[in-house]
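# Fold and contact review
For reference, the chains in residue letters:
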Amino acid sequence: MPTTAALPSNPLERLNVGPMTEPSDAPMGRPGADAAPVVDDPLEWRSFSQPVAPSSGGAGAGDPEGDWWSSGVVFEGITCAACALDIEAALTQVPGVRSAVVSAANRRGRVVWSAAQTQPSQWLAASARAGYPATPAGDASERQQRQMAQRQMTWRWLVSCLCMMQVMMFAGPAYFADPGDLLAEQQYLLRWASWVLCLPLMLFSCGPFFRGAWHDLQARRVGMDVPVALGMLLAFVVSTLGTFEPDGAFGREVYFDSLSMFVCFLLTGRWLELRLRERSASAVEALLHRMPEQARRQKIDGTWELVSARRLKPGDVVQVMAGETFVGDGQVLHGQTLVDEALLTGESRPRPRGPDSAVLAGSHNLRGTVQVRLSALGQATRLFQLVELMADAALDKPRLAQLADRISKPFLLGVLLLAGLGAAVWWPTDPARGLMVAVAVLIVTCPCALSLATPAALLAAAGRAAKDGVLVRRIRALEALDAVDVVVFDKTGTLTEDRMKLGVALARSDAALADARSLAAAMAAHSLHPAALALRDDALAVAWQVRDVQEVAGCGIEALVASNPADSGTEWFTVRLGSSRFCHAPEQESATSQVCLSDPSGWLASFALHETLRPQAPALLQALRARGMAVHVWSGDTPAAVALVAQALGLPPGEGQRAVGACSPQDKLDRLRALQAQGLRVAMVGDGLNDAPALAGADVSFAVGQALPLARAQADFVLLQAHLMAVADTHALSKRAMRVVRQNLGWALAYNVLCVPLALVGWMPAWLAGLGMAASSLFVVLHALRLSRPSPSALSVPVASV
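Here the structure is a predicted model, which means the values were calculated and not measured.

### Concerning the packing of helix α9 (residues 225-244) against helix α14 (residues 431-444)
Running from amino to carboxyl end, α9 crosses α14 at an angle of 155°, the nearest separation of the two axes being 8 Å. In terms of orientation, α9 lies roughly antiparallel with respect to α14. The chirality of how α9 crosses α14 is left-handed. Along its contact with α9, which presents Pro227, Leu230, Gly231, Leu234, Ala235 and Val238, the element α14 presents Ala432, Leu435, Met436, Val439 and Leu442.

Laid out in C-alpha cells, this is it:
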C-alpha cells in the first residue's frame, strides 16, 4: 500500500470529500455516475476510513499489512432492525468485505474491507441496490441530507395532519347523526370527499412506507414496512370499493377516518424519531465545529503568520489568544491561562494551564495568550478519537438487542400469517370486516417498539456517561456492568495519585548517591509509570545517554547507558530500574513503595516513594461495598505498601486476600480468571501497562485518567479525568439503563399480547391500532430519554460492610 498522505487537521474540511451517492430523492439502487471515481480515490476514502489489522487465519490473513480498512457510513431508508440485518447481509456478500455492522437506532454502520480486493464504490453500490443508499460518515452532504429528510418528513406529516382533520370532519356526521338524518346522497358525497382527501395522503404522505415495502419485496425479504404498507393499502382499497360501489359487498362502511388517523400517528412517531436522531448527530457535529479553520503559526524569524489549519503539522508553534479554540493537541511553551475542557473531559471547572502543561484540540482558551507546540492534529487528536469512539460504541450491539434483531424477521412473518388467519375467519360472514381485522393486526403488531427497546436506552445512557466524563467504548459493557459481583483496583496511579513524591534514597557504598540519582532520572525519562514520573529530572538526566530501552510490564525498564557525551570509545553498560526482584536487589519490607536501580555490579541504589490516596478513593470503595460488591486491590508494589493503602481505604482486617502485593501482570490475570471460574463477574479498574492483560480479560474494564494507550484500548470505559467516583456513578447508570431496557421490553411484549387478541376479535379498529403502535414506539424512546438526566451520586448510597 502507498504511504498514507497527510490529512487536513480540521475534521470538517478533512471529511469534505464531496457527495458519494445521489441525493435521497434519486432513484434507489443506481449509484451516481461520478460516485466511483470520487470515492475510490485513496485520498478520499482514507478521510472516512482507518487501517485495521488483517484477521488472523481468516479473510485477509497473509495480505499486506494495512490493506484492511474500516469505514464509517450513514445509511438512508432504515426503519427497523430487520433493515440493518439486510444491509449487513448485502455488504458482506461483496467480495473483499470482511464484516459490516449497522445500527438501526442511529442509521450508521462500519464496514471492514480490503483495498486489494474491492473499492468503496462497489460496496456502496451494493447497499444502494438493496434499497439503502449510503454516504460516508462526516461527508459534507451528510448534514444536508439529514436536513432534507427532516423537511420532507415534516411536509409529509403536515399533509397527513391536514387530511386527517378534514376526513374526520366529513366522517363526523356518520358517527353522530341519528338513523334517517342523513340522506344516501349526502353519505355518498361525504365518502367521495374523504376519498379525494386521502389521495394526497396515499400518494405523498405514505410514500416512504410503500417505497420501503417495494424494496423489501424486490429483495424477497420482510421488513417492518411490509405489514404497514399492506395495512394501508387494504384499508384504502376496501374504502374505495365502498365509495364506488355502495351497494356492493364492501359498501356498508368505509374506513378513510381510520386510515388517515393511522398514517398521521405513524408519521408523528417517525418525525419525532428523526428530530431525536438529528439532535444526537448535531451534538457530535458540535464537537467537530469547535475546530478553528485558521491559526497563527510562528515563522523561522519569530514573527507570526495566519495560515489554514490544514497546513499545520506536528512540531509547529502556534499562538492562541483568549476566546479562541486550540487547533490541535500540544504543550504550552509560554503564557498562563484557564482552559475550558468540559466537552472533552467532563470537567466543568476551567483548568489552569501554564508552561509544560498539555492542552487539547477543541478546548477553549478563556484568559491569556499562550504559545503552544503542536503534538497532534486531525485524526491524531483526542477530540477526533472521542468522536470515533462514540461512533464505534453506538454500533456495538448488546445481547438483548441482538436477540431482538434475531426475532424481528420471524415475528414479522408470524404477523402476516396471523393477519391472513384473521381475515379468513371473518371473510364468510363479513368480508369488509375481515379485511379490516387483517389491517388492524398488521398495524398493531409492527415490532418497532421491540427493536428500539434496548438500543434507545443504552445509547441514551452512553450519552449521559459522556456528559459525566466517562467515555463508553463498548456499549454492551453497560449490560455487563449491571451484573458485576467483584471490582478489582490497581493501586499505583489508580487509587493513588499518579504523581509520587521522592523520599529517602540509599546507594551502594562504592557509588555516589548523586550519580545514582542522575542515572535513575535518565532511565525514568523513558517510562510513563507513576514511579518513573517521580524520579524524572531533566537537569540530572543530561549526564547520561540511554538507548535500547525495554519496558517489562509489572517489573521495570532495562536499557544500555553511557555517560554523556558518548563517542566511539565510550563503554555502554546495562542498567535496570524497577522492582527489587527485577533489579536483583535485597528484599526490604517497607510500608512505602521502593524503586531499585542496578548496574552490572548488582544493586546500585534504592529510592523510597511516598503515595497519596486520591480523595475519592475511600468513599468509592465504601459505595461499591454498600451495593453488595466485593472490592480487591492488586498491585505490583510490595505487600507492605499495599497493606498500608488497604488500611487507609478501610478494608476490614479479615480481607487480606483482597489486598495483594507483588503481582505481575500474569498474576493479576490468573487471579481474575480464578474469580471468574467461581461464577463471579469481575470489573477491573487500572491505568498501566501491567493492567492491560487483566483489563482485557475482565467482564468489564475501566481505564482511569491519563492511562496508557494500551490500557485504554483494552478498556470498556475510559474515565476522561481521574474522577474515581465516576466508576460508582457509571455502575448506578448501568443499573438504571438495564431497568429501563427491561421495562421497555416488557411494555413492548405486553402491548402485543394485549392488543393482538383485541384486533383479531374486531374490537380494535385500524385507527386505534395505529395510535397504539405509534404510542408504543414513542413511549420506548421517551422512556429511554429519562436516562439523559444526571444519575444519583454514588456518595448518596448508604455505607454498609460487605
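### What about the sheet that holds strand β6 (residues 294-298)?
Strand order across the open sheet formed by 6 strands is β7-β6-β8-β14-β9-β12, with antiparallel pairing between neighbours. One side of each edge strand has no neighbouring strand; the edge strands of this open sheet are β7 (304-308) and β12 (358-359). The pairing of β6 with strand β8 (residues 317-320) spans 2 bridges and is antiparallel. Residue pairing for β8: Arg296 is matched across the bridge by Gln319.

### Comments concerning the pairing of strand β25 (residues 682-686)
Most of β25 is tucked away, with 5 of its 5 residues classed as buried. Judged by which residues are buried, β25 turns out to be covered on both faces: Val682, Met684 and Gly686 on one side and Ala683 and Val685 on the other are all buried. Bridge analysis of strand β16 (residues 486-490) against β25 gives 4 bridges, and the strand direction is parallel. The residue of β25 that forms the bridge with Val486 is Val682. Inspection of the sheet shows β25 paired to strand β26 (residues 700-703) by 4 bridges, in the parallel sense. Paired with Val685 across the strands is Phe702, a residue of β26.

What counts and how
- Residues numbered from 1 in each chain as written.
- Predicted model: local features only at pLDDT ≥ 70, side-chain atom pairs only at ≥ 80, totals over all residues.
- Heavy atoms only, no water.
- Axes fitted to C-alpha atoms, helices over the stretch in contact; angles between N-to-C directions.
- Helix = DSSP H or I, 4+ residues; strand = E, 2+ residues; numbered from the N terminus.
- Parallel < 35°, antiparallel > 145°, perpendicular 65-115°, else oblique.
- Left-handed = near helix turned anticlockwise from the far one by under 90°.
- Contact = heavy atoms within 4.5 Å.
- Pairing = 2+ DSSP bridges.
- Buried < 20%, exposed > 50% of the residue type's maximum accessible area, 1.4 Å probe, protein only.

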